[in-house]
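# Close look at the chain arrangement
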Amino acid sequence: SLQKYLSKNEFSYIHDLLKTSDLKKNLLVFELSSKKKIILISIKNSLKSSDIENLGAELFGLLNYGKNSEYYLNSDSILSKHNNFLGHFIHGFKLKSYEFKKYKTKKDVRTISINIFGNANKPSPQNQLKFKALEEGTFYARDLVSEPGNVLHPDEYVKRLNSLKKDGLKVTVFDKRKLKKLGMNALLGVGMGSIRGSYLVTMEWNGAKNNSKPLAFVGKGVTFDTGGYSLKPARFMEDMTYDMAGSAAVVGLMKSLALRKAKINAVGVVGLVENMVSGIAQRPGDIVKSYSGKTIEVLNTDAEGRLVLADALTYTEKKFKPKLIVDLATLTGAIIVCLGSEFAGLFSNDDKLSKQIVTAGENVNEKLWRMPLHKNYDKLMNSKNADV
């Protein structure tokens, strides 16, 4: 099919080069002139969706130079058994194109356009909408995680979440006063040392148009974590602006469900606090009463995420009575000691749900490893002075 687009000389030149090229490569690039190049993409039959997205990402890495570049992709030339090759390929390309350059004063604007022609393998409008919603949700989450702590403190975070009402989400904000009334003292204790507010925010999406129990997603949103009086070492502290990544994943998910009008009922719940050192910050050894009624002795103020999540999880369970709860958090560096940076740790009291989540992770190359929960571990949380 290459002959359609090339002159006789160009075709025989590439024909000869292919004989000496490393055909195991995913992408083969042939420069035909200073203004024209041709890229051949190797499509293996066994490719999964995530492999195809990785191919798209690899292509972006190859094209990401020069001010402007224009490419033409012939959809008729895609010989793949995968029924949505092009959709996943372009999706991977777009996801890889993300950059956070908001605070660069010298703007380096680059435009890459890929013009798709041909009659076969086009993604359906419905699929295009789904990919666009996934991209917007993902980029929104990445933007939140990338913002520095002086910009995205809890007060600003709440403003941004309120703006999601325009996408069709029902957003409810509980501030310090309301949280105090509810008795969420575990969450409030973490944010006590900050001049910023502490919040619990719920985002509801009712796409099933019935009263079926929702799926619930809960995220840790510690916008900056100094560790409190159990102060973190200096060389780890500057990264602690991303201690709200669990909440960002929940927010990005809820945004994408709304944008693609997913036919499910879902709720996202995030606890937003800043863990700072001050004259009124929580001390090691303090005892707080959580929303569940259990008392907690805080031995280490840098174990703040589980305090935020304890109240958020209890509230989610009581208020929404969900089918299931998936909780996401950058909770502890110890999990990286266990699993390195390859797998995320999964703790669950449900075998079926664990299997579903591990399988979903394998499908998109987000690997998970299930860790043990056992009653013998419970006694390690016993406290002399409080319930836990």
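Up top is the structure.
Residues numbered from 1 in each chain as written. Predicted model: local features only at pLDDT ≥ 70, side-chain atom pairs only at ≥ 80, totals over all residues. Heavy atoms only, no water.

## Some thoughts on the nonpolar core
The criterion, for reference: Side-chain atoms within 4.5 Å link the members of a nonpolar core, which is a set of buried Ala, Val, Leu, Ile, Met, Phe, Trp, Tyr and Cys residues. Remark: exposure states derive from per-residue accessible area (1.4 Å probe, protein chains only) relative to the maximum for the residue type, with buried under 20%, exposed over 50%, and partly exposed in between. Helical segments are the DSSP runs of H or I of at least four residues, strand segments are the runs of E of at least two, and each set is numbered from the N terminus. Any two residues whose heavy atoms approach within 4.5 Å are treated as being in contact.
Counting residues in hydrophobic clusters, the biggest one holds 28 residues, and the most contacted among them are Tyr157, Leu161, Val201, Met203 and Val251. Residue contributions to this core peak at six residues, all from helix H9 (residues 245-259). Look past the residues within four positions of Leu161 in its chain and what remains in contact with it is Val171, Val201, Met203, Val251, Val270 and Leu272. Judged by nonpolar contacts, the second largest core, of 24 residues, contains Ala186, Leu188, Leu307 and Val308.

## Digging into the side chain of Ser256
Following the sequence through the fold, Ser256 ends up in helix H9. Note on Ser256: relative accessible area 5%, which makes it buried. Setting aside residues no more than four positions away along its own chain, Ser256 makes contact with Ala133, Leu134 and Gly137.

## Looking at a nonpolar patch on the surface
So the rule is basically this: Any residue with relative accessible area above 30% and no salt bridge may belong to a patch, with like charges joined within 9 Å and the nonpolar Val, Leu, Ile, Met, Phe, Trp and Tyr side chains within 5 Å. The Shrake-Rupley method, run with a 1.4 Å probe, gives the accessible areas here. Residue values count only the displayed protein chains as cover. Definition used for salt bridges: Asp or Glu carboxyl oxygen within 4 Å of a side-chain nitrogen of Lys or Arg.
Side chains of Tyr5, Tyr72 and Phe117 sit close together on the surface and give an oily, nonpolar patch of about 320 Å² of accessible area. Looking at the element boundaries, Phe117 is found in strand S4 (residues 111-117).

## Description of the environment of Gly137
Along the chain, Gly137 turns up in helix H4 (residues 125-146). For Gly137, a relative accessible area of 2% translates into the label buried. Separated by 111 residues in the primary sequence, Gly137 and Ala248 have C-alpha atoms spaced 9.5 Å apart. Other than its neighbours up to four places away in sequence, Gly137 contacts Gly252 and Ser256.

## Regarding the sheet that holds strand S8 (residues 265-275)
Keep this limit in mind: When DSSP finds at least two bridges between two strands, those strands are taken to pair. Axes here refer to lines fitted to C-alpha atoms; in helices the fit is confined to the stretch in contact. Angles between the N-to-C directions go from 0 to 180 degrees.
Taking strand neighbours across the sheet as the criterion, the five strands line up as S5-S6-S8-S7-S11 in an open arrangement whose pairing is mixed. A strand with exactly one partner marks an edge of an open sheet, and here the two such strands are strand S5 (170-174) and strand S11 (324-328). Within this sheet the neighbouring strands show an average axis-to-axis angle of 15°, counted without direction. Bridge count between strand S7 (residues 215-225) and S11: five bridges; the pairing is parallel. Bridging from a neighbouring strand, Ala216 pairs with Ile325 of S11. Contacts from helix H5 (residues 154-162) reach S5, strand S6 (199-206), S7 and S8 within the one sheet, and its direction differs from that of S8 by about 160°. Its contacts with the sheet place helix H10 (residues 304-320) against S5, S6, S7, S8 and S11, and it is angled at close to 155° to S7.

## Comments concerning the pairing of strand S9 (residues 286-289)
Across a regular strand the side chains alternate sides, sitting on one face of the sheet and then on the other. Here S9 shows one buried face, formed by Asp286 and Val288, and one open face, formed by Ile287 and Lys289. When S9 meets strand S10 (residues 295-298), the two strands line up antiparallel, connected through four bridges. Bridge assignment links Ile287 to a residue of S10, and that residue is Glu297. Counting the residues in the hairpin turn of S9 and S10 gives five residues, including Gly293, whose phi is positive at 100°.

## A word on the environment of Gly168
Assignment of secondary structure puts Gly168 in the loop between H5 and S5. For Gly168, a relative accessible area of 43% puts it in the partly exposed group. In the structure, Gly168 is positioned 89 residues away from Leu257 in sequence and 9.8 Å away in space, judged by C-alpha atoms. When near neighbours in sequence (up to four residues on either side) are disregarded, Gly168 contacts Glu204 and Trp205.

## Some words on the pattern of salt bridges
What the rule picks out here adds up to 20 salt bridges. Between Lys232 and Asp302 there is a salt bridge, and its shortest N-O distance comes to 2.8 Å. You can see Lys232 sitting in the loop between S7 and helix H8 (234-237) and its partner Asp302 sitting in the loop between S10 and H10, a full 70 residues away along the chain. Residue classification places Asp302 among the partly exposed positions, given a relative accessible area of 23%. Taken together, the salt bridges that share partners define one network made up of Lys102, Glu147, Glu156 and Arg160.

## What to know about the packing of aromatic side chains
To be explicit about the condition: Planes of paired rings set the category: under 30 degrees apart is stacked, over 60 is edge-to-face and the rest tilted, where pairs are Phe, Tyr or Trp rings (Trp by its six-membered ring) whose centres lie within 6.5 Å. Distance and angle both matter: a charge sits over a ring if NZ of Lys or CZ of Arg is within 6 Å of the ring centre and within 35 degrees of the ring normal.
Inspection of the entire model under this criterion finds eight aromatic pairs. On the numbers, 6.4 Å between centres and 85° between planes, the contact of Tyr315 with Phe320 is edge-to-face. With respect to burial, Tyr315 and Phe320 carry one shared label: buried. Among the aromatic residues, those joined into a cluster by ring pairs are Phe174, Tyr291, Tyr315 and Phe320. The ring of Tyr140 carries the charged tip of Lys255 above its face, separated from the ring centre by 4.9 Å. When the ring centre of Phe343 is taken as reference, the NZ or CZ atom of Lys367 above it lies at 5.7 Å.

## Regarding the packing of helix H3 (residues 85-96) against H4
The angle between the axes and the distance between the axes are what describe a pair of packed helices. Condition: By the definition adopted for this analysis, an angle is roughly parallel if under 35 degrees, roughly antiparallel if over 145, roughly perpendicular if from 65 to 115, and oblique otherwise. Working rule for handedness: look at the near helix, and if it is turned counterclockwise from the far one by less than a right angle, call the crossing left-handed; if clockwise, right-handed. Amino acids are sorted into nonpolar (Ala, Val, Leu, Ile, Met, Phe, Trp, Tyr, Cys and Pro), charged (Asp, Glu, Lys and Arg) and polar (every other residue, Gly among them).
At their nearest, the axes of H3 and H4 sit 11 Å apart, and the two run at 20° to each other. When the axes of H3 and H4 are compared, the pair comes out roughly parallel. Note that H3 runs across H4; the crossing there is right-handed. For the pair H3 and H4, the contacting residues are Gly87, His88, His91, Lys94 and Leu95 in the first and Phe131, Leu134, Glu135, Thr138, Phe139 and Arg142 in the second. Here the residues of the contact of H3 with H4 sort into four nonpolar, four polar and three charged.

## Thoughts on the packing of H4 against H9
Where H4 contacts H9, the axes come no closer than 8 Å and their chain directions differ by 155°. With respect to H9, the element H4 is oriented roughly antiparallel. As for how H4 packs across H9, the hand of that crossing is right-handed. Within the contact between the two elements, H4 uses Leu129, Ala133, Leu134, Glu136, Gly137, Tyr140, Ala141, Leu144 and Val145 and H9 uses Ala245, Ala248, Ala249, Val251, Gly252, Lys255, Ser256 and Leu259. Class assignment for the residues of the contact of H4 with H9 results in twelve nonpolar, three polar and two charged.

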